[in-house]
Amino acid sequence: MAETIKKLDELVGLCKRRGFIFQSSEIYGGLASCYDYGPLGAELKRNVKNAWWKSVVQMRDDMVGLDCSILMHPMIWKASGHVDKFADLICECKKCNTRSRVDHLEGKEQGETSRHAQTAPTDDLSDKVCPSCGAVGQFTEPMPFKLMFETQMGANADDAMTVFLRPETAQGIFANYRNVLDSSRIRVPFGIAQIGKSFRNEVTTKAFIFRTREFEQMEIEFFCEPGTDEDWWQHWKDARMQWYLNLGIRKENLRFRPHDDDELAHYAKACVDVEYRFPFGSGDWQELEGIANRTDFDLRQHQRGMRSVTKWIENGRDTINTPLVDEHPDYQSGPLSFFDDQNRKRYIPYVIEPSAGADRGTLAFLVDAYAEEEVKGEKRNVLRFHPTLAPIKCAILPLVKKEGMPDIARNIYQDLRRHFNCFYDEKSAIGRRYRRQDEAGTPFCVCVDGQTLEDQTVTVRDRDSMEQIRVSTDQLKNHLREKLDM
RNA sequence: GCGGGUGUAGCUCAGUGGUAGAGCGUCACGUUGCCAACGUGAAUGUCGUGGGUUCGAAUCUCAUCACCCGCUCCA
């Protein structure tokens, strides 16, 4: 009789009530689109990230990790295309107040439109048609729309340089691809994984932590020989779907959604989204992760970017108005090429990018685990987290607060907590304590009772079945570690 | 950014100009002793924020912030 969350409001309330997720700066009235993880949420999210890392780095021979800085050389974002793409011009229809991108307005030829904020024409919208209400020429002056966060680097205001907070972790991987190759003895095909914060000035945030301006990504760039890219794309597609399933997300709430050709980013040869059926919007499927074939676009772009730096300095470090130099005719032998010494071949690798949202994933695990049940006429709320993800693995509870039971329980607690996250609770009735742990998603509860005093056994209570078995205290640690797979 | 809605205790909400409330939760004590038990008691409020009207504002009004729904947008 499990019931799931039907509305976003329920979920927000649940997250706050149990200390998973809070509105950022709440005592100041909140800050739009920013959220904080509470005690249980911080554990949950960290477990999600650790599970991902274990799956894509620890358990694989062909993957290594990376953790690079959020601030990077501004020209990285020129080469990646973000400086231009993320500086679109927006105008507003005076008649219906709808905002449109200038380069999306009808009548404008695509190649003709400048994407550069400072060189874009601020006139000549007189013959353009509002895509929303059909009014002609009723637009405000075009205004630049900065999708990347900017900040100043350098304490001395005169010398300060404008840098960007990264809008994706991916480019840090491309920028370090050469370093990793040269230092780790790894060879193509191989991948680099990274978890970290990224920032985008999304036009629309909303939907709780689903789309926020500050968010955390779990990204892989997998480098492979051109021609093998489609096979690797398929490999990662399967591997990533299996990860969500292995961690307990119900199959019927997951699906692949291939991108249409006109939806593909300019660099991508193919892209598929892993989607989860979230309980908001119209009960709609929403993206958890995108798995793209980025071809050799990024490495080739960075080869151009590397050769454009001098020009950028000469140009007064003006990132927007410093175009990249043309691609070298012999780009296949460039500094970011890979030499396959077994087959005596040199090439720019193709890249498969499985890019997952850590916050979205955490939200999906939370939603999918939630259940309301009837037990003997009483309502029971339970979060059926996979043990790997559960914030607390085991609660240790003395049946009563006397006859030495708390002392024994505390000893067990001190022993078990060295191996996994535990919680000790001796307050109020035992049934209430079990239900509290159900709400936190704790898979096991250990109870020290009267019989423990006689034969050194405790009960182990299972969250999902609510059944109890007796386990000898000297077997307890092994019993739990086996059950928890830890 | 547009339209609609909401904002009162940790949570869910009642309270339409006159003393700030309930249920749940939390805490203490007692009783009980394996699934939100019972009894007694207690704590908890910038009524989102700031201004205005009024003798008096949670309530009327203006502004603002945040969230939700629908548009728009989503490299």
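Every chain is numbered independently, its residues counted from 1 as its sequence is written. A letter from A marks each chain and a number from 1 marks each ligand, given out in the order of writing. With pLDDT at 70 or above as the cut-off, local features in this predicted model cover only qualifying residues; side-chain atom pairs require 80 or more to be listed or tallied, and sums for whole chains, interfaces and linings still use all residues. As a rule here, side-chain values cover all heavy atoms of the structure and leave hydrogens and water aside.

Q: Requested: an account of the pairing of strand S13 (residues 285-295), with residues and values cited.
A: With a 1.4 Å probe rolled over the protein chains alone, any residue whose accessible area is under 20% of its type maximum counts as buried; one over 50% counts as exposed, and the rest are partly exposed. Helical segments are the DSSP runs of H or I of at least four residues, strand segments are the runs of E of at least two, and each set is numbered from the N terminus. The buried fraction of S13 amounts to nine of the 11 residues, a majority that puts the element mostly inside the structure. When DSSP finds two or more bridges between a pair of strands, those strands are recorded as paired. Looking at chain direction, strand S12 (residues 270-277) and S13 are connected through eight bridges and run antiparallel. Paired with Ala 270 across the strands is Asn 293, a residue of S13. Direction of pairing for S13 relative to strand S16 (residues 350-357): antiparallel, over a ladder of six bridges. Note that in S16 the partner of Ile 291 across the bridge is Pro 354.

Q: For the packing of aromatic side chains, give the residues involved together with the corresponding values.
A: Aromatic contacts are taken between Phe, Tyr and Trp rings whose centres are within 6.5 Å, Trp giving its six-membered ring; a plane angle under 30 degrees counts as stacked, one over 60 as edge-to-face, and the others as tilted. In the structure shown here, the tally under the stated rule is 17 aromatic pairs. Considering the side-chain rings of Phe 149 and Phe 199, the 5.8 Å spacing of their centres and the 65° angle between planes classify their relative orientation as edge-to-face. With Phe 149 in the loop between strand S6 (143-144) and strand S7 (150-153) and Phe 199 in strand S9 (residues 190-199), the pair connects residues that are 50 residues apart, well separated along the chain. A relative accessible area of 10% means that Phe 199 is categorised as buried. The structure contains a cluster of three or more aromatic residues connected by ring pairs, namely Phe 174, Tyr 177, Phe 190 and Phe 223. We count a charge as sitting over a ring when the NZ of a lysine or the CZ of an arginine lies within 6 Å of the ring centre and within 35 degrees of the ring normal. In this arrangement the basic side chain of Arg 300 is found over the ring face of Tyr 331, its NZ or CZ atom lying 4.1 Å from the centre. Geometry around Phe 210 places Arg 360 over its ring, the cationic atom sitting 3.9 Å from the centre.

Shape descriptors only; they carry no functional weight alone.
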